[in-house]
Amino acid sequence: SVSELKRLVSQEFITEAQAKAVNLEKVDCFFDSELGRRMLASKSIYREYRFAMIMKLSEIFNSEYSNDEETLIQGAIDCAFEENGEIVIIDYKTDNISDMAEISVRYSAQLKMYKLAMEKCTGKKVKELWLYSFKKNDKIRV
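Because the structure is predicted, anything quoted here is derived from the model rather than measured. (Residues numbered from 1 in each chain as written. Predicted model: local features only at pLDDT ≥ 70, side-chain atom pairs only at ≥ 80, totals over all residues. Heavy atoms only, no water.)

A. Here's a closer look at the nonpolar core. Core analysis: the biggest nonpolar cluster contains 22 residues, and Phe-51, Ile-77, Ala-80, Ile-87, Ile-89 and Met-118 have the highest contact counts within it. Sorting the residues of this core by element identifies strand 1 (45–56), strand 2 (70–83), strand 3 (86–93), helix 6 (100–122) and strand 4 (126–133) as the ones contributing at least two each. With 7 residues, helix 6 is the largest single contributor of residues to this core. Beyond its immediate chain neighbours, meaning those up to four positions away, Ala-80 contacts Ser-44, Ile-45, Tyr-46, Ile-87, Val-88, Ile-89 and Met-118. Counting residues in hydrophobic clusters, the runner-up holds 11 residues, among them Leu-35, Met-39, Val-88 and Trp-130. (Core = buried A, V, L, I, M, F, W, Y, C linked by side-chain atoms within 4.5 Å. Buried < 20%, exposed > 50% of the residue type's maximum accessible area, 1.4 Å probe, protein only. Helix = DSSP H or I, 4+ residues; strand = E, 2+ residues; numbered from the N terminus. Contact = heavy atoms within 4.5 Å.)

Pasting the structure below:
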């Protein structure tokens, strides 16, 4: 909605120019989708959930690092919501990639890091990871 765009600009999540580029019809398509309706039905929605935490490299890279070397991980999860006591994460994409499988390959590591962060920060299990393409009005589960 227009009011949400104004909020995002006022809180400096996006610029005025970026807000003008938003296609609200595409946003409406998301909220009309099954995933969008599930999100709207949730009593707990996390928007732009920012996190910073120390993580072991072996947690991030599936044990490619056997030592206990740690690194600082920072990020912002576009959207997460609770459903039956568990969390669903949605990462919005505006890439010009036409193949949803390619989007999944490109961003799956990012979403897995978001899963680790959300579980550590909230103590709740993340049950689903989704990528939603606004260019295609389509989603893919990671």
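B. Region of the structure containing helix 4 (residues 34–41). Among the residues making up helix 4, those that are buried are Leu-35, Gly-36, Arg-38 and Met-39. Down the axis, helix 4 shows its buried residues gathered within 160° of arc, on one side only. Exposed residues lying more than 90 degrees from the buried face of helix 4 are Leu-40 and Ala-41. In this fold, the buried residues of helix 4 make contact with helix 3 (24–32), strand 1, strand 2, strand 3, strand 4 and strand 5 (138–141). (Arc of directions from axis to C-beta.)

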